[in-house]
Amino acid sequence: MNPLAFLFRTSLGKKYLMALTGFGLFAFVVVHMVGNLQFFLGREAINRYAYFLHSVPELLWGARIGLLVMVGLHVWTAIQLSAENRAARPIGYKRKKALGSSYASRTMLMSGLIIGCFVIYHLLHFTVQVPEVNFTGKDFHDLVDAEKHHDVYQMMVTGFLQPWVTLFYIVGVGLLCLHLSHGVSSLFQSLGLRTGKYTPLLKSFGFWMSWVLVIGYWSIPISVVLGLKK
Amino acid sequence: MNLTLKIWRQKDRNTTGEFVTCQARNILPDMSFLEMLDVVNEDLTRSGHEPFAFDSDCREGICGTCSLVINGIPHGGQKGATACQLHMRHFRDGQTITVEPWRAKSFPVLRDLVVDRSAFDHIIASGGFVSVNTGGAPDGNALPVGKVDADQAMDAAACIGCGACVAACKNASAMLFVAAKVAHLGLLPQGQSERYQRVVKMVNMMDQEGFGACTATGSCEAVCPKEISLDFIAQLNRDYLVGCLKP
Ligand code: HEM
Ligand code: FES
């Protein structure tokens, strides 16, 4: 079979796409968290990091387009496969006990769709910085630091002082980590790498990585809400 | 024991079915679930009613014919056992038990609790075999097989093709079945020459038959009466990738 046709047409091909794009997005999410944690090194560090990221537009846009393609393929395969899966059981059970499966694994589509909404909001909020969605009455574009660079630190502090916005971040990130608590080890299964002695290893890798991610991401809004960072 | 059953009643493939309630009286705890249904059916026949149709053959957990979802679990939830091996002592006197057929588009209900599992036969026919020249039987140990491979092939070959994996999966996926059938041939030397064509043909037939895809939730492994491991699905994923990329 034509290798591309098999990737896009067969159920296993779509699962490989989902796993590969899921891995790419997972890698991004880890790097993004590590970058964000520079918030705790202070205003200067995180602002310099943000300035560095924006310093080469070709690389920045390369990364953005790459991420967009991955999200596009991931969501497309997710929706295709979910539709096929639903069609495979037109009449459901009257009584159904979910044996041996985790909550995360049964709710991948739902957690994924809510994460999708969260990501769109997050981009409008902190990347495009649409003033109407931050609910602070301020325009984040106006925040500049002593070096006349965009003051990302101040933007995070100001942004997270809005309780509803912060709550949405907490929920969004929580669901992302729920998604990944199943997704990370499942992607190795889909790619045929989770066998024998690697199975328990990959399962605990997925489990612990999702805890590391949730704590890492949550720490920022929570420290702002508790007034530890001003 | 006396029990209340909520059982699926369906005349044939083209009619819509419904749940009916009936009583199972004078059931002994040592009866198997199927023997309990036999008693119910005898009562029904005696009183001039139509008995419930259900599949069974060996009644000792080796043929894979029995196919009942009992209280929401294919084969009833006794670890490593089929419905015919499930005994009534696992139920309480007076309990209400729901009995349903396997539910999947690829397994249409023929009557009551009997489903058509020909889709599995089509998958096997598409590649689940080894092509050998017949002739005199080869010597027992002419073809050495490593201990690990032999054990794993045996574990996979334990699959009795009952379809509980499909019934339990939220996607009605047949991956565990196909994985077991692909693995028990693919692990042995006799199966090597057709290994990659086999996996591609069987997976494509699985898609064509309308089964869902795998989300790796693990429900199939949990209900499998032969406790076939999810690892075989990973192996299948790998073999299919190789099979599709091979020139
Ligand atoms: C709109 C957003 C998203 C949707 C709708 C979505 C949906 C899904 C679904 C339905 C599955 C698996 C289902 C299955 O195997 O049947 C899945 C798997 C996965 N997702 Fe997502 N997801 C989204 C975003 C993300 C993000 C942002 C990440 C990573 C940071 C991610 C990482 C993964 C991983 C690693 C898997 C496992 C792949 C596999 O099982 O092979 N997803 N996603
Ligand atoms: S009747 Fe043979 S396995 Fe149950």
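About the cut-offs
- Residues numbered from 1 in each chain as written.
- Chains lettered and ligands numbered in written order.
- Predicted model: local features only at pLDDT ≥ 70, side-chain atom pairs only at ≥ 80, totals over all residues.
- Heavy atoms only, no water.
- Helix = DSSP H or I, 4+ residues; strand = E, 2+ residues; numbered from the N terminus.
- Buried < 20%, exposed > 50% of the residue type's maximum accessible area, 1.4 Å probe, protein only.
- Areas by Shrake-Rupley, 256 points an atom, 1.4 Å probe, with all protein chains shown as cover.
- Lys, Arg positive; Asp, Glu negative; His and termini not counted.
- Charge placed at Lys NZ, Arg CZ, Asp CG, Glu CD.
- Core = buried A, V, L, I, M, F, W, Y, C linked by side-chain atoms within 4.5 Å.
- Domains from an automatic or database assignment.
- Contact = heavy atoms within 4.5 Å.
- Donors = N, O, S within 2.8 Å, 3.2 Å for Na, K, Ca; no water.
- Tetrahedral: all angles 85-135°; square planar, octahedral: opposite > 155°, others 65-115°.
- Buried area = accessible area lost by both parts, 1.4 Å probe.
- Salt bridge = Lys/Arg side-chain N within 4 Å of Asp/Glu carboxyl O.
- Polar contact = N/O pair within 3.5 Å; in protein donor to acceptor, adjacent residues only side chain to side chain.
- Patch = residues over 30% accessible without salt bridge, like charges linked within 9 Å, V, L, I, M, F, W, Y side chains within 5 Å.
- Expected span 1.5 Å × (residues − 1).

(A) Fine view of the overall build of chain A. Helix and strand counts for chain A stand at 9 helices and 0 strands. From first element to last, N terminus to C terminus, chain A shows the α and β order α-α-α-α-α-α-α-α-α. By its C-alpha atoms, chain A is 60 × 40 × 40 Å across when sized along the principal axes. Within chain A, buried positions represent 44% of all 230 residues. Accessible area for chain A stands at about 12500 Å²; split by element, carbon and sulfur atoms hold 73% of it. Taking the 20 positively charged and 9 negatively charged side chains of chain A as two groups, their mean positions are separated by 27 Å.

(B) Quick look at the nonpolar core. Counting residues in each nonpolar core, the largest one holds 123 residues, and the members touching the most others are F33(B), M36(B), L68(B) and V178(B). For this core, the leading source of residues is helix α8 (residues 163-190) of chain A, giving 10 residues. The two domains that each donate at least three residues to this core are domain 1 (3-111) and domain 2 (118-245) of chain B. Other than its neighbours up to four places away in sequence, F33(B) contacts L68(B), I70(B), A83(B), L86(B), M88(B), F91(B), I97(B) and V99(B).

(C) Inspection of the coordination of the iron atom of ligand 1 at higher detail. Residues and elements named next belong to chain A. At the metal site, the iron atom of ligand 1 is ligated by H74 (NE2) and H179 (NE2), and these contacts range over 2.0 to 2.1 Å. Around the iron atom of ligand 1, the 6 donor atoms are arranged such that angles at the metal cover 86 to 179°; this shape is classified as octahedral. Within this pair, whereas H74 is found in helix α4 (residues 57-87), its partner H179 is found in helix α8, the two being separated by 105 residues in sequence.

(D) Molecular detail of the interface of chain B and chain A. Listed by partner, the interface residues are 49 residues for chain B and 38 residues for chain A. Buried area between chain B and chain A, summed over both chains or domains, comes out near 3600 Å², and the portion from carbon and sulfur atoms is 56%. Summed over the three residues of chain B that lose the most area to chain A, namely R103(B), D231(B) and N237(B), the buried surface amounts to 14% of that side. Inspection of the chain B/chain A interface yields 0 salt bridges. Across the chain B-chain A interface, the total number found is 25 residue pairs in polar contact (both at pLDDT 80 or more). Listed by contribution, the elements that provide at least two residues to the side of chain B that touches chain A are β5 (96-100), α4 (164-168), α6 (195-208), α7 (219-223) and α8 (231-245) of chain B.

(E) Layout of the side chain of S223(A). Residue and element names in this part refer to chain A. Looking at where S223 falls in the secondary structure, it is placed in helix α9 (residues 198-225). At 2.9 Å, the side chain of S223 forms a polar contact with the backbone oxygen of I220. Those residues in contact with S223 that lie beyond four places of it in its chain are F39, F40, L228 and K229.

(F) How the structure looks around a nonpolar patch on the surface. All names here are of chain A. Together, V71, V75, I79, M110, L113 and I114 make up an exposed nonpolar region whose accessible area comes to about 480 Å². The set of elements that each furnish at least two residues to the nonpolar patch consists of α4 and α6 (108-127). As for its position among the elements, V75 is in helix α4. The class of V75 is partly exposed, set by a relative accessible area of 37%.

(G) View of helix α3 (residues 43-54) of chain A. Residue and element names in this part refer to chain A. Taking 1.5 Å of rise per residue, the 12 residues of α3 would be expected to cover 16 Å, and the 17 Å separating its terminal C-alpha atoms lies within 8% of that figure. Of the positions making up α3, those classed as buried are A45, I46, N47 and A50. On its buried face, α3 sits against α2 (11-36) and α7 (152-159).

Just geometry here; none of it tells us what the structure is for.
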